[in-house]
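Summary of structural features
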Amino acid sequence: MKGYFDGASRSNPGEAGAGSLLVDNDGKIIWSKADYLGVKTNNEAEYTALINLLAEARARNVKQLDVYGDSKLVVSQVTHRWKIKMTHLFELASKVWELAQGMNVSYSWVPRERNKLADALSNEAIDRKNG
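Numbering of residues begins from 1 in every chain and follows the order in which that chain's sequence is written. pLDDT decides what is reported in this predicted model: residues at 70 or higher carry local features, side-chain atom pairs at 80 or more are listed and counted, and totals for whole chains, interfaces and linings draw on all residues regardless. Each side-chain value is derived from all of the structure's non-hydrogen atoms; neither hydrogens nor water enter the calculation.

1. Some details on the overall build of the protein
Going along the chain from the N terminus, every DSSP run of H or I of four or more residues is numbered as a helix, and every run of E of two or more is numbered as a strand. Looking only at helices and strands, one finds four helices and five strands in the protein. Atoms considered for the radius of gyration are the C-alpha atoms alone. The globule rule reads 2.2 Å times the number of residues to the power 0.38. Scaling as 2.2 N^0.38, a compact globule of 131 residues should have a C-alpha radius of gyration of about 14 Å, and the protein matches this with 14 Å. Overall size of the protein, expressed as C-alpha extent along the three principal axes, is 35 × 35 × 25 Å. When each of the 131 residues of the protein is scored for burial, the buried share is 48%. Intrachain contacts of the protein at a sequence separation of at least 6 include 69% that bridge at least 24 residues. The convention is simple: Lys and Arg are positive, Asp and Glu are negative, and His and the chain ends are not counted. Where a charge sits is defined by one atom per residue type, namely NZ (Lys), CZ (Arg), CG (Asp) or CD (Glu). Of the charged side chains in the protein, 18 are positive and 16 negative, and the gap between their average positions amounts to 4 Å. Three exposure classes are used, based on accessible area relative to the maximum for each residue type with a 1.4 Å probe and protein chains only: buried under 20%, partly exposed in between, and exposed over 50%. In this analysis, two residues are considered to be in contact whenever any of their non-hydrogen atoms come within 4.5 Å of each other.

Put into structure tokens, the structure is as follows:
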């Protein structure tokens, strides 16, 4: 199974949204979420989108998940390639690691154009709140 996540923040910090989706092995979207977050930074929105994705995968008892996101910071931090210097981001990363326990999760950075659906969901959440 594949999962995609993206976060958006307008003004950084600003009004933020998180977009996440799960895709089965046939390429069919089986779950998606556009979550309005209030005022957050872009990095907080990205982490929240990943947390939402992993929480749903856990709830569905997913054992193998390939995760894709266009946040180099989040992907690099949760894979321990980059140090996490900010306490609040470390707390969010810890939640990611906790949710991923018992699952075989791989994390990959992808360019924004390969993450369009999650990007659209994150912006939809903000637009819906402001609409």
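2. Quick look at the environment of Asp-6
Structurally, the position occupied by Asp-6 is in strand β1 (residues 2-10). Overall, the relative accessible area of 0% leaves Asp-6 in the buried class. Remark: the alpha-carbon pair of Asp-6 and Leu-121, spanning 115 residues in sequence, is separated by 8.0 Å. Non-local contacts of Asp-6, meaning those with residues more than four positions away in its chain, are made with Gly-17, Ala-18, Gly-19, Glu-46, Ala-49, Asp-70, Asn-115, Ala-118, Asp-119 and Ser-122.

3. Thoughts on helix α3 (residues 87-100)
The span you would expect from a helix comes to 1.5 Å times its residue count less one. With 14 residues, α3 extends 20 Å between its outermost C-alpha atoms, agreeing within 8% with the 20 Å of an ideal straight helix rising 1.5 Å per residue. Considered for burial, the residues of α3 that qualify are Leu-89, Leu-92, Ala-93, Val-96, Leu-99 and Ala-100. Seen end-on, α3 carries its buried residues on one side only, within an arc spanning 120°. In α3, the exposed residues that point more than 90 degrees away from the buried face are Thr-87 and Glu-91. Note on α3: the residue one or two positions beyond its end, Gly-102, has a positive phi of about 85°. Along the arc lie the directions from the helix axis toward the C-beta atoms.

4. Let's talk about the sheet that holds strand β2 (residues 14-23)
In space, the five strands of this open sheet follow the order β3-β2-β1-β4-β5, with mixed pairing throughout. The two strands at the open ends of the sheet, each matched to only one other strand, are β3 (29-40) and β5 (104-109). Shown here is a sheet whose adjacent strand axes are inclined to one another by a mean of 20°, direction ignored. Pairing between strand β4 (residues 64-69) and β5: six bridges, direction parallel. From the neighbouring strand, Gln-64 faces β5, where its bridge partner is Asn-104. Inter-axis angles, ranging from 0 to 180 degrees, are taken between N-to-C directions of lines fitted to C-alpha atoms, where helices are fitted over the stretch in contact. Those strands touched by helix α4 (residues 116-130) are β1, β2 and β3, and its axis lies near 135° from that of β2. Pairing between strands is defined by DSSP: at least two bridges between the two strands are required.

5. With respect to the nonpolar core
In a soluble, globular protein the nonpolar side chains are often hidden away together inside. Here, the term nonpolar core denotes a set of buried Ala, Val, Leu, Ile, Met, Phe, Trp, Tyr and Cys residues that are joined through side-chain atoms within 4.5 Å. Counting residues in each nonpolar core, the largest one holds 30 residues, and the members touching the most others are Tyr-47, Leu-50, Leu-54 and Tyr-107. Looking at this core, the elements that each hand over two or more residues are β2, β3, α1 (42-59), β4, α2 (72-78), α3 and β5. The leading source of residues in this core is α1, at eight residues. Ignoring anything within four residues of it in the chain, the contact list for Tyr-47 reads Leu-73, Val-74, Gln-77, Val-78, Ile-84, Leu-89, Leu-92, Ala-93 and Val-96. Judged by nonpolar contacts, the second largest core, of nine residues, contains Leu-21, Val-23, Tyr-68 and Leu-121.

6. Re the packing of aromatic side chains
Pairing of aromatic rings covers Phe, Tyr and Trp, the last counted by its six-membered ring, and requires centre-to-centre distances within 6.5 Å; plane angles under 30 degrees mean stacked, over 60 mean edge-to-face, and any other angle means tilted. Across all of its chains, the model carries two aromatic pairs by this definition. For the pair Tyr-4 and Tyr-68, a centre-to-centre distance of 5.2 Å together with 25° between the ring planes defines the contact as stacked. With a gap of 64 residues between them, Tyr-4 in strand β1 and Tyr-68 in strand β4 connect regions that are remote in the sequence. Residues Tyr-4 and Tyr-68 agree in their burial class; the two are buried. Here Phe-90 and Trp-97 contribute two aromatic rings whose centre-to-centre distance is 5.8 Å and whose plane-to-plane angle is 75°, an arrangement assigned as edge-to-face. Residue classification places Phe-90 among the partly exposed positions, given a relative accessible area of 42%. With a relative accessible area of 24%, Trp-97 lands in the partly exposed category.

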